[in-house]
Amino acid sequence: MVCIRCKIVVKDALAALGLHYTVVRLGEAEILETITSDQHDEIKSALLKSGLELMDDKKSVLILKIKNVLIDLVHYSDEPISIRLSEYLSQKLNHDYTYLANLFSEVQGITIEKFYIAHKIEKVKELLVYDELNLTEIANKMHYSSVAHLSTQFKKVTGLTPSHFKHLKNRRRSMLEDV
């Protein structure tokens, strides 16, 4: 789940099945009852109808948690992290970073860093399209060390400079789920 609407869909699906939950967060739900295999199948079916997937595999769940931590960090938090990203993920997910990085790369086919950078660039694109902040303000908001660093990374990912991208009115942003 990568958006608030997804959480609503999950809550509605659980309620429709008469299941009670303590928490529905991005990527996970804690259900009070013990679920039968029939209920499991019903939840899976209900979620699939809404375009969501029920994940049982612990490795898949961990990858989803990695993605959600990174997405929250880029898209929903304005506070910079005071430690390296690798340490932040290790602390947040209670796993050794080497294990997280190897698992993520093996399953996703890209590194955690490339996934993180791709989301940062998507956020920068969004900010450029909204046209409320100048490039210096965007660099500061996205915690880049300089405008030059942001511009270099932006061009490496998109093939365009931020200013050239800003002038392309017909260019559409990628959906978060596609990054």
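The rules we used
Residues numbered from 1 in each chain as written. Predicted model: local features only at pLDDT ≥ 70, side-chain atom pairs only at ≥ 80, totals over all residues. Heavy atoms only, no water. Core = buried A, V, L, I, M, F, W, Y, C linked by side-chain atoms within 4.5 Å. Buried < 20%, exposed > 50% of the residue type's maximum accessible area, 1.4 Å probe, protein only. Helix = DSSP H or I, 4+ residues; strand = E, 2+ residues; numbered from the N terminus. Contact = heavy atoms within 4.5 Å. Salt bridge = Lys/Arg side-chain N within 4 Å of Asp/Glu carboxyl O. 1 Å grid on protein atoms, 1.4 Å probe; cavity = no way out; pocket = protein on both sides within 12 Å on 5 of 7 lines; lining within 4 Å. Points joined across faces, edges and corners; volume = space filled by probe spheres on them. Nonpolar A, V, L, I, M, F, W, Y, C, P; charged D, E, K, R; others polar. Axes fitted to C-alpha atoms, helices over the stretch in contact; angles between N-to-C directions. Parallel < 35°, antiparallel > 145°, perpendicular 65-115°, else oblique. Left-handed = near helix turned anticlockwise from the far one by under 90°.

> Quick rundown of the nonpolar core? Include the residues and the values.
Among the nonpolar cores identified, the biggest contains 32 residues, and Leu-70, Leu-89, Ile-112 and Val-124 are the most heavily contacted of them. Where this core is concerned, the elements lending two or more residues are α3 (58-75), α4 (85-93), α5 (97-108), α6 (112-130), α7 (135-141) and α8 (147-158). Not counting residues within four places of it along the chain, the set of residues in contact with Leu-89 comprises Val-69, Leu-70, Asn-94, Tyr-97, Leu-100 and Ile-112. Formed by 10 residues, the second largest nonpolar core is a distinct cluster that contains Val-10, Leu-19, Leu-47 and Leu-52.

> An account of the pattern of salt bridges is needed here, citing residue identities and associated values.
Tallied over the entire structure, the rule returns 5 salt bridges. For Lys-125, the salt bridge is made with Glu-122, and the minimal N-O distance between the two is 2.9 Å. One end of the pair is Lys-125 and the other is Glu-122, both in helix α6 and 3 residues apart, which spans about a single turn. Pair check on accessibility: Lys-125 and Glu-122 agree, each one buried. Residues Lys-123 and Glu-126 are paired through a salt bridge, measuring 3.2 Å at the closest nitrogen-oxygen approach.

> Kindly report on unusual backbone geometry, identifying the contributing residues and their values.
Positive phi, close to 60°, is recorded for Asp-131, a residue that is not glycine. Topologically, Asp-131 is positioned in the loop between α6 and α7. Relative accessible area serves as the criterion here: at 48%, Asp-131 is assigned to the partly exposed category. Phi angles above zero are rare outside glycine, and His-143 is one such case at about 65°. Mapped onto the elements of the fold, His-143 is located in the loop between α7 and α8. Accessibility expressed as a relative area gives 36% for His-143, which makes it partly exposed.

> Which residues make up the layout of surface pockets, and what are the values?
When its volume is computed, the second largest pocket comes out at roughly 470 Å³. Lining of the second largest pocket is provided by 24 residues; of these, Ile-81, Tyr-116, Lys-120, Met-142 and His-143 occupy positions nearest its centre. At 5 residues, α6 tops the list of elements feeding residues into the lining of the second largest pocket. Per-class residue counts for the lining of the second largest pocket are 11 nonpolar, 7 polar and 6 charged.

> Please provide a residue-by-residue account of the packing of α3 against α5, values included.
Two elements in contact, α3 and α5, have axes whose closest approach is 10 Å; the angle formed by their N-to-C orientations is 100°. Judged on the interaxial angle alone, α5 and α3 are roughly perpendicular. For the pair α3 and α5, contact is made by Lys-59, Leu-62, Ile-63, Ile-66 and Lys-67 and by Tyr-99, Leu-100, Leu-103, Phe-104, Val-107 and Gln-108, respectively.

> Mind laying out the packing of α3 against α4, listing which residues take part and the relevant values?
It is the contact of α3 with α4, at a shortest axis distance of 11 Å, that shows an interaxial angle of 120°. With respect to α4, the axis of α3 lies oblique. Judged by the twist between their axes, the crossing of α3 over α4 is right-handed. Where α3 abuts α4, its residues Lys-65, Ile-66, Val-69, Leu-70 and Leu-73 lie against Leu-85, Tyr-88, Leu-89, Lys-92 and Leu-93. Looking at the contact of α3 with α4 residue by residue, the classes come out as 8 nonpolar, no polar and 2 charged.

Purely geometric stuff here, so don't read any function into it on its own.
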